[in-house]
Every structure is written in structure tokens, then in C-alpha cells.
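Each chain is listed here by its residues.
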Amino acid sequence: MYVIAGIIEREGNLIFNTALVIDRQGNVLGKYRKTHLPESEVMAGVTPGNTYPVFKTDFGTIGLETCYDNFFPEVARSLALGGAEIIFLPIWGDTRANGYIWDIVARARAIDNSVFLVASNYSNTRSLIIDPDGRILADTGGTSGTAMAEIDLDARTIVRWLSFHGFGEWKYLYPAERRTDTYGPLLGSSLH
């Protein structure tokens, strides 16, 4: 099996919240450094990462995001545009609205980017496996345990599009239909 392992990584004087991809032979295939840090990590001296790498495995192309990264839709979008078919998300928990929106946000990330999303939750919130249509395939129900599901990366969801004369798949249409020329405010510094 492959393992996604969260570690505290030190490089010189810098500390990162890092997720490793460990392959079937126990080798580190790659790493992702968390890009969005909550105040507690910033105060502890953690440095944010600045890239969204994807990793080719023998079962598909994967991307990683960690905890607070999931609050920002741009992270999942960056991973999907980089070719991720599955996004793995180790997360402490999303307690906004007393946890009400946790699975809604996770499902939206999967739907918007036409990816599978596998969320491993460290709190009493549900760990989930979600398909690209937002269906929950497996769920721990908010207790400790393992969620398992068989997924088909070759499955196709064909839909009709108004801007296209015919049918297509969202995972191919949204990159072609994006209007990056209109996203200026998203590319600038944060608004206050």
C-alpha cells in the first residue's frame, strides 16, 4: 500500500508541516509542504510551503493538501489542474458552523475539480471517501476507524453543456471553459 504520513520537517532553520507520500516499497515518493497555516502554526514558527506538486503512482496521479488548505478552493483546483485524479486530505477538523459544513466543503472540492477526495480526519468529524460527483463512498461516521471504497479512475460522467454543442466530461470541460482573464482579483493580494 501507499501511505500518506504527516511529519514536522526541518530544513536548515525552517520548519514545515509536511505530508509524505510513501510508496509500496517504503520509499518516499514525494512530499507536500502545507501552504495555508493557521495562527497556531505561524506562532510556532512553521513556514508555509509554496507549491502544489502531484505524484504519479501505479494506481493514478495524486495530490495532497493538509487541513487548513481545504478552506481555500484554489488549492484543490491547483492540484486538479496539475493532473491529480485523487486528492488526499489529512485534516484535524473543520469546525466552522459546529462542523455542519465539513462534508459539504469536502464534497464541493471533489465536484468542482472532478476528483476523488479522500479525507482522513483526526477529530470526531467524519473521515470520508468522495467521488467526483460528490457522492460519499465511505464514511467513518465520526468515530475512529477505517473507511474503504473501491474507486474507478476510468469511470465517466457524461453531461450536456450549453457552451459546447454536445456532451462531455466536467474534468475535461472546466479547464477549457475557465476564463482566467477574468480572475484578476483572485491573483492579487488579499482584500481587506
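All values derive from a computational prediction rather than experimental measurement.

Asker: Requested: an account of the overall build of the protein, with residues and values cited.
Answerer: Across its full length, the protein carries five helices and 11 strands. Whereas a compact globule of 192 residues would reach a radius of gyration of roughly 16 Å, the protein reaches 17 Å, a difference of no more than 12%. With the C-alpha coordinates of the protein rotated into their principal frame, the extents come out at 55 × 40 × 35 Å. Out of the 192 residues in the protein, the part that is buried amounts to 39%. Long-range contacts, defined as pairs at least 24 residues apart, comprise 43% of the intrachain contacts of the protein with a sequence gap of at least 6. Within the structure as shown, the protein displays about 11,400 Å² of accessible surface, and the carbon and sulfur contribution to it stands at 55%. When the 17 basic and 22 acidic side-chain charges of the protein are each reduced to a single mean position, those positions are 3 Å apart.

Asker: Could you give me a rundown of the layout of surface pockets, with the residues and numbers involved?
Answerer: Approximately 910 Å³ is the volume attributed to the largest pocket. When contributions to the lining of the largest pocket are tallied by element, the ones reaching two or more residues are strand 1 (3–11), strand 6 (86–91), strand 7 (116–121) and strand 8 (128–130). Taken together, the residues of the lining of the largest pocket break down into 20 nonpolar, 11 polar and one charged. In this structure, the second largest pocket occupies an estimated 510 Å³ of space. Ser114, Val115, Pro132, Glu169 and Lys171 are, among the 27 residues lining the second largest pocket, the residues nearest its centre. Elements that contribute at least two residues to the lining of the second largest pocket include exactly helix 2 (73–81), helix 3 (102–113), strand 10 (158–161) and helix 4 (170–177). At five residues, helix 4 tops the list of elements feeding residues into the lining of the second largest pocket.

Asker: With reference to specific residues and values, describe the nonpolar core.
Answerer: Across soluble globular proteins, nonpolar side chains have a tendency to be buried as a group. Formed by 29 residues in total, the largest nonpolar core has its most connected members in Leu64, Ile87, Trp102 and Leu117. Among the secondary structure elements, those contributing two or more residues to this core are strand 2 (14–22), strand 5 (61–64), helix 2, strand 6, helix 3, strand 7 and strand 8. Broken down by element, the residue count for this core peaks at five residues, all from strand 6. Beyond its immediate sequence surroundings of up to four residues, Ile87 is in contact with Gly63, Glu65, Ala76, Leu79, Val115, Phe116, Leu117 and Val118.

Asker: Please set out the sheet that holds strand 4 (residues 54–56) residue by residue, giving values where relevant.
Answerer: The strands that make up a sheet are held in pairs by hydrogen bonds between backbone atoms, and each pair lies either parallel or antiparallel. Reading across from one edge, 4-5-6-7-8-9 is the order of the six strands in this open sheet, with mixed pairing throughout. On the outer flanks of this sheet lie strand 4 and strand 9 (136–139), each paired with one strand and no other. Averaged over all pairs of adjacent strands, the angle between strand axes in this sheet comes to 20 degrees, irrespective of strand direction. Where strand 4 meets strand 5, three bridges bridge the pair, whose relative direction is antiparallel. When the sheet's bridge partners are listed, Val54 is paired in strand 5 with Gly63.

Asker: Could you give me a rundown of the sheet that holds strand 3 (residues 28–33), with the residues and numbers involved?
Answerer: Reading across from one edge, 1-2-3 is the order of the three strands in this open sheet, with antiparallel pairing throughout. Whereas interior strands pair on both sides, the edge strands pair on one side only; in this sheet they are strand 1 and strand 3. Direction aside, the axes of adjacent strands within the sheet are offset by 35 degrees on average. Of the strand pairs in this sheet, strand 2 and strand 3 are connected by five bridges, and their pairing is antiparallel. When the sheet's bridge partners are listed, Leu20 is paired in strand 3 with Lys31.

Quick notes on the rules
Residues numbered from 1 in each chain as written. Predicted model: local features only at pLDDT ≥ 70, side-chain atom pairs only at ≥ 80, totals over all residues. Heavy atoms only, no water. Helix = DSSP H or I, 4+ residues; strand = E, 2+ residues; numbered from the N terminus. Rg over C-alpha atoms; globule rule 2.2 N^0.38 Å. Buried < 20%, exposed > 50% of the residue type's maximum accessible area, 1.4 Å probe, protein only. Contact = heavy atoms within 4.5 Å. Areas by Shrake-Rupley, 256 points an atom, 1.4 Å probe, with all protein chains shown as cover. Lys, Arg positive; Asp, Glu negative; His and termini not counted. Charge placed at Lys NZ, Arg CZ, Asp CG, Glu CD. 1 Å grid on protein atoms, 1.4 Å probe; cavity = no way out; pocket = protein on both sides within 12 Å on 5 of 7 lines; lining within 4 Å. Points joined across faces, edges and corners; volume = space filled by probe spheres on them. Nonpolar A, V, L, I, M, F, W, Y, C, P; charged D, E, K, R; others polar. Core = buried A, V, L, I, M, F, W, Y, C linked by side-chain atoms within 4.5 Å. Pairing = 2+ DSSP bridges. Axes fitted to C-alpha atoms, helices over the stretch in contact; angles between N-to-C directions.

Any link to function would need more than the numbers given here.
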